Amino acid sequence: MGLLPCPCPLPCHSHTNRESQSQSHSNRLQSYSSIPSLSSQPSLPSVPSLTSPFQQQEQAPTTHHHCLGTLKAHSSYVSSLALAGKFLFSGSSNSEIRAWSRDTSVETPTDNLVATGNGAVKSLVVLGDKLFSAHQDHKIRIWKIDNNTLVKRYECIAMLPTLNDRFIRCFSANNYVEVRRHKKCTWVHHVDTVSALANSRDGSLLYSASWDRTFKIWRTSNFRCLESVKNAHDDAINALVVSHDGFVYTGSADKKIKVWKKHAEEKKHSLMATLEKHKSAVNALALSSDGSVLYSGACDRSILVWERDYNITGNGSEHMMLMGALRGHNKAILCLAVVSDLVCSGSADNTIWIWKRGNEKSYTCLAVLEGHKKPVKCLTAVVDRDNVIENSESGTSYLVYSGGLDCDIKIWHIWVPFLQNF
């Protein structure tokens, strides 16, 4: 249990059996130029590609990357990840939440199970000393984090909607909504799996999205539900992200991405734009650090890149302009993560692709990370400020954490050199 070293990323010439050789090969990291075309037919052919295999072979920098290790403890697939300080938190499909030390030189204790909910843990968000978890049982749970130990069980201090929130809503008929034929409940309830969580820039608000086609806004100081946007989509909402300036982006199984905003003079969020280019369910969304670029991943195998048009002030769909697609995966995109100018994508094809945004809004695939034996379900990434390597002054070091349906969490180290005009 704990951190297991990954096999050597290059073929070894030592005496190994066929099984270990096969495992070593499956864990190799390949640069884009070394892999063949993964699909003879491009996904979303009407959308221009932002990458060119021929240009990438000539321009891609020498990127160093390897798997630092594999975290093993979950007995069911890893469905969510979150970084907070010195800890990595992971949620699984059997309702477990585990805490891991981010220091790979420290062995995580055998019993690192810190919380257990009910149903799959679909999303995790950390705010200060609180961990918010979204579950398949329609609830959001709030746990008090202990920053001093990995073996102590966390206390569940609240569950959303709270009993008090439900009680004060139950007396007015106006607070009830029909959730299915002949059945009603108060609007503060999610009535299906809570699929995604996000927080506002100042941490005062928590946003939740659900397969019940709604998203809700909660005040984190008293856990009260402030707003519920019903029928936000025509099908389940799978992803939600929030920009620093308050725009809310929701991605759905109805193939659409919607943009929402609550203006200062308004009490509720209103629909600003609907982005329609994907041809299948939208599974993942991610924003650049400044909120100007939105990335969306879907079952159509493409990652679409949308850029904010700051000249648009109306409610038209021009709020985000489609710039093009990142192609390479040969199965559905399941998760996305952005750190600095890198975009990480995880797929049902068991791989993780690392893309770098360059000049003139072009993108280059720096690496394809192979090692998971089943689809990659969740990702998170961070600049690695603690791991100083040789010639670190000439490049940037990153850590990427991935969770898969193989029940493993893998830690990847990536070093990207600084290059002019890249």
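Residues numbered from 1 in each chain as written. Predicted model: local features only at pLDDT ≥ 70, side-chain atom pairs only at ≥ 80, totals over all residues. Heavy atoms only, no water.

K.L.:
Could you give an account of the confidence of the model for the protein, naming the residues involved and the relevant values?
P.N.:
Of the residues in the protein, 81% reach a pLDDT of 70 or more, and the chain-wide mean stands at 84. Scored below 50 in pLDDT, residues 8-40 makes 44 contacts in the model with residues more than four places away or belonging to other chains. In the predicted structure, residues 54-59 sits below a pLDDT of 50 and forms 7 contacts with residues beyond four places in sequence or in another chain. (pLDDT = per-residue confidence, 0-100. Contact = heavy atoms within 4.5 Å.)

K.L.:
Report on the environment of Thr 193, specifying residues and quantitative values.
P.N.:
Mapped onto the elements of the fold, Thr 193 is located in the loop between strand 13 (183-186) and strand 14 (194-199). On the accessibility criterion, Thr 193 (2% relative accessible area) is buried. If we skip the residues at most four places from it in the chain, Thr 193 touches Lys 122, His 135, Gln 136, His 138, Ala 209, Ser 210 and Trp 211. At 3.5 Å, the side chain of Thr 193 forms a polar contact with the backbone oxygen of Gln 136. (Helix = DSSP H or I, 4+ residues; strand = E, 2+ residues; numbered from the N terminus. Buried < 20%, exposed > 50% of the residue type's maximum accessible area, 1.4 Å probe, protein only. Polar contact = N/O pair within 3.5 Å; in protein donor to acceptor, adjacent residues only side chain to side chain.)

K.L.:
Talk me through the sheet that holds strand 20 (residues 257-261); I want residue IDs and the actual numbers.
P.N.:
Two modes of strand pairing occur in sheets, parallel and antiparallel, and in both the strands are linked by backbone hydrogen bonds. Ordered by their spatial adjacency, 4 strands build an open sheet running 18-19-20-21, and the pairing between neighbours is antiparallel. Of all the strands in the sheet, the pair left with one neighbour each is strand 18 (237-242) and strand 21 (270-275). Strand-to-strand twist in this sheet, taken as the mean axis angle between neighbours without regard to direction, amounts to 20°. As paired strands, strand 19 (residues 248-252) and strand 20 are joined by 4 bridges and run antiparallel to one another. Bridge pairing links Thr 250 to Lys 258 in strand 20. (Pairing = 2+ DSSP bridges. Axes fitted to C-alpha atoms, helices over the stretch in contact; angles between N-to-C directions.)

K.L.:
A description of the pattern of salt bridges should follow, citing residues and the corresponding values.
P.N.:
Tallied over the entire structure, the rule returns 10 salt bridges. Residues Lys 144 and Asp 129 are paired through a salt bridge, measuring 3.8 Å at the closest nitrogen-oxygen approach. Of this pair, Lys 144 sits in strand 10 (residues 140-144) while Asp 129 is found in the loop between strand 8 (121-127) and strand 9 (130-135), placing the two residues 15 residues apart along the sequence. Among the residues examined, Lys 144 registers a relative accessible area of 37% and is labelled partly exposed. (Salt bridge = Lys/Arg side-chain N within 4 Å of Asp/Glu carboxyl O.)

K.L.:
Could you give an account of the packing of aromatic side chains, with specific residues and numbers?
P.N.:
Considering all chains together, one arrives at 6 aromatic pairs under this definition. An angle of 85° between the planes, with centres 6.0 Å apart, marks the rings of Phe 87 and Phe 89 as edge-to-face. Each member of the pair, Phe 87 together with Phe 89, is buried. A network of ring pairs unites the aromatic residues Phe 87, Phe 89 and Tyr 154 as a single cluster. For Lys 261, the ring lying beneath its charged end belongs to Phe 247, and the centroid distance is 4.8 Å. (Phe/Tyr/Trp six-rings, centres within 6.5 Å; stacked < 30°, edge-to-face > 60°. Lys NZ or Arg CZ within 6 Å of the ring centre and 35° of its normal.)

K.L.:
Give me the lowdown on the sheet that holds strand 23 (residues 293-298), citing residues and values where you can.
P.N.:
On the basis of which strands lie adjacent, the open sheet formed by 4 strands has the order 22-23-24-25 and antiparallel pairing. Looking at which strands have only one partner, the edges of the open sheet turn out to be strand 22 (282-287) and strand 25 (320-326). Here the average twist between neighbouring strands, direction ignored, is 25°. Strand direction decides the pairing type here: strand 22 and strand 23, joined by 5 bridges, are antiparallel. In the strand pairing of strand 23, Leu 285 is matched with Ser 296.

K.L.:
Before we move on, could you go through the side chain of Glu 96 and cite the residues and values that matter?
P.N.:
One can find Glu 96 in strand 6 (residues 96-101). In terms of polar contacts, Glu 96 uses its side chain to reach the side chain of Arg 98, at 3.2 Å. Not counting residues within four places of it along the chain, the set of residues in contact with Glu 96 comprises His 74, Ser 90, Gly 91, Leu 113, Ala 115 and Val 121.

K.L.:
I'd like a description of the state of the cysteines, backed by residues and values.
P.N.:
Summed over all chains, the structure comprises 0 disulfides. Left without a disulfide partner, Cys 378 is nearest to the cysteine sulfur of Cys 335, which lies 6.4 Å away. (Disulfide = S-S within 2.5 Å.)

K.L.:
Now, about unusual backbone geometry: what can you tell me, with residues and values included?
P.N.:
Between Leu 160 and Pro 161 the backbone carries a cis peptide bond, its omega angle lying at 0°. As for its position among the elements, Pro 161 is in the loop between strand 11 (155-160) and helix 3 (163-169). Even without glycine at this site, Lys 255 takes up a positive phi of about 80°. With respect to the helices and strands, Lys 255 occurs in the loop between strand 19 and strand 20. Of note, the phi angle at Cys 407 is positive, near 75°, even though the residue is not glycine. Within the fold, Cys 407 resides in the loop between strand 31 (395-404) and strand 32 (409-417).

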